[in-house]
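# Fold and contact review
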Amino acid sequence: MNESTFPPGVQKYIKKGQTMTAAQTAHRARMRQMKFDTIAVHGMYGMEAALANQGSIVEPGYFSSAQHFENSDHMEASLAYLMPSWTYSRIANPTVHYLEETLALMEGYGFEGKVSACATASGMAAVFMATNPFLTTAEGDGRANIVVSAKCYGGTFMLFQERYQAERGIEVRWVRHALDLDEWDSLIDENTRFVFGEMPSNPTLAVMDIAAIAELAHAQEIPFIVDSTVATPALMRPLNHGADIVVHSVSKSMATSGFAIAGALAARHDIPSQVGPPEMRANFALYVKLLPARDFGPGMSPFTALMVLNDLRALRHRMDYISRNTMQVADYLAQHPLVESVRYPGLENDEGYAIARKYMWLVDSEDEYGTAVNRYGHLMAFTVKGGAAAARQMFDQLQMIWRATDLGRIKSVATIPAISTHQQQGETGRDLAQVPLNLVRLNVGGEHPADVIADLEQAFTAVRHTSVFALQK
Ligand SMILES: Cc1ncc(COP(=O)(O)O)c(C=O)c1O
């Protein structure tokens, strides 16, 4: 929009907006020089913002649905998106803005280029908002396809399979073996709208070579989207390795207390895409926020943003010690006679170990440990000998570890994906994603690992005497 076409009164506000934007840009540049923990603690909420907020040293919660304007000129400039403002809470909100800036700084940590973020009401809203803009029917001839790792969260599987493929005719090309670059390569072509993978994946902890897949996608000018929920930016930042867009279920380790359902996407500027307007490629996250998200309405509540900001401040430390706890639990399970197999990328015999070791590092760990250290997060899975019945018996005996379809929690939680998170995709879908009936997914929390192990041990002991195992002898 050409600013000179606006009346002089509106132009005055546009100029004021330019000054406000310049101050924000300078503050962002200062924060980009800070260490990860400092970013997690302060984000973009500094002294200037505090003084404009009664001196509050914590980000204030703005629960008002709408913004009052000084006059009609201020209103017009704001609604034309020509000055920083938030207008209406479905479109933007100051509290949510502080979270978005923090997430962009975290995902962009160590990345040279510019990064922006858009917060959403859930992780699924983030997956939807990160992918739907590439599926416009106005362009292309109806032969659009998407290339997606089959090892992904059940909700993501259903979005792609049911909503996109079955309802809209977009071909989903499932990658069965995320580590197989030839498979990715053979599925990407000139009609591919985006390439998508989860790392590590829920629930089987599959990994993929992000840099190599980004190269394959970029050779065709196609964006590569990574769901990095399980790793969090404390352990992996895909934009540093060539990914274009990162999506998160912020509901998980980022909001570990369990008080929020939340999501976010973070994107580098100037992404590749065969479709969409230039402004979408220039700043994908901002484009999504101001246009498609305005129209679809998946915005995050400011209350949720406050909860998440609060949990984010100690993210790095939490991911460090809970990853170490999880390693101990994985080692225990790997030795257990009633466990068939363990999926945890930190185990040396895990098929993803080499790739996980390449990408999953505790951010700034050299400052603390004298050398960079790998950390692999707090999600793992294992299969129980004796099949589905044995897995259910063991699961039913847990006394402290919660039985719930949740992960990322500070409290240990377990589920059987085949009857919960991955139930609705059916047997064929589960075969594709390699989710067997006897797979137990375990999110190790912040309890002392000895107590987590003790709970697992008593659960195994209780089923050791049941008929399922008696039959095995
Ligand atoms: C890897 C991953 N992505 C996305 C989602 C969806 O997130 P939400 O439940 O916040 O919508 C989940 C939920 O479990 C997930 O595990």
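I will try to describe carefully the structure that is included in this document.

The rules behind these values
Residues numbered from 1 in each chain as written. Predicted model: local features only at pLDDT ≥ 70, side-chain atom pairs only at ≥ 80, totals over all residues. Heavy atoms only, no water. Salt bridge = Lys/Arg side-chain N within 4 Å of Asp/Glu carboxyl O. Helix = DSSP H or I, 4+ residues; strand = E, 2+ residues; numbered from the N terminus. Buried < 20%, exposed > 50% of the residue type's maximum accessible area, 1.4 Å probe, protein only. Pairing = 2+ DSSP bridges. Axes fitted to C-alpha atoms, helices over the stretch in contact; angles between N-to-C directions. Contact = heavy atoms within 4.5 Å. Right-handed = clockwise from strand over helix to strand, strands pointing away.

### Focus on the pattern of salt bridges
Under the criterion given, the structure shown has 16 salt bridges. Across the salt bridge formed by Lys-16 and Glu-70, the nearest N and O atoms sit 3.7 Å from each other. With Lys-16 in helix 1 (residues 8–32) and Glu-70 in the loop between helix 3 (47–51) and helix 4 (72–79), the pair connects residues that are 54 residues apart, well separated along the chain. By relative accessible area, which is 53% here, Glu-70 ends up exposed.

### Brief notes about the sheet that holds strand 1 (residues 115–120)
Picture the strands of a sheet paired through backbone hydrogen bonds; they go either parallel or antiparallel. Strand order in the open sheet formed by seven strands is 1-7-6-5-4-2-3, and the pairing between neighbours is mixed. Where the open sheet ends on each side, the last strands, each with one partner, are strand 1 and strand 3 (171–175). Looking at each pair of strands side by side, their axes are set apart by 20 degrees on average, direction ignored. Lying over the sheet, helix 7 (residues 154–168) contacts strand 2 (145–149), strand 3 and strand 4 (192–198), oriented at roughly 150 degrees with respect to strand 3.

### Observations regarding the sheet that holds strand 8 (residues 339–343)
Strand order in the open sheet made by the five strands is 8-9-12-11-10, with mixed pairing throughout. Whereas interior strands pair on both sides, the edge strands pair on one side only; in this sheet they are strand 8 and strand 10 (402–403). Sheet strands in contact with helix 14 (residues 315–335) are strand 8, strand 9 (379–384) and strand 12 (439–443), and its direction is about 10 degrees off that of strand 9.

### Looking at the pairing of strand 3
Of all five residues making up strand 3, four are buried, and the element is well covered by its neighbours. At this point the chain moves from strand 2, through helix 7, to the parallel strand 3, and the crossover so formed is right-handed.

### Structural notes on unusual backbone geometry
Between Met-199 and Pro-200 the backbone carries a cis peptide bond, its omega angle lying at -20 degrees. The topology assignment puts Pro-200 in the loop between strand 4 and helix 9 (210–218). In this structure, Pro-203 follows Asn-202 across a cis peptide bond, with omega equal to 10 degrees. Secondary-structure assignment places Pro-203 in the loop between strand 4 and helix 9. Positive phi, normally seen in glycine, also occurs at Tyr-81, with a value near 60 degrees. Note that Tyr-81 resides in the loop between helix 4 and helix 5 (94–107). Since its relative accessible area comes to 29%, Tyr-81 is described here as partly exposed. The backbone of Glu-221 sits at a positive phi, close to 60 degrees, despite the residue not being glycine. Along the chain, the position of Glu-221 falls in the loop between helix 9 and strand 5 (224–227).

### Description of the side chain of His-74
Mapped onto the secondary structure, His-74 falls in helix 4. Residue classification places His-74 among the buried residues on the basis of a relative accessible area of 9%.

### Re the environment of Ala-219
As for its position among the elements, Ala-219 is in the loop between helix 9 and strand 5. As a C-alpha pair, Ala-219 and Tyr-45 span 174 residues in sequence and 39 Å in three-dimensional space.

### Remarks on the pairing of strand 1
Along strand 1, six of the six residues are buried, which leaves the element largely enclosed by surrounding structure. Both strand 1 and strand 7 (residues 263–268) contribute to a ladder of six bridges, which runs antiparallel. By the bridge assignment for strand 7, Ala-117 is matched with Ala-266.

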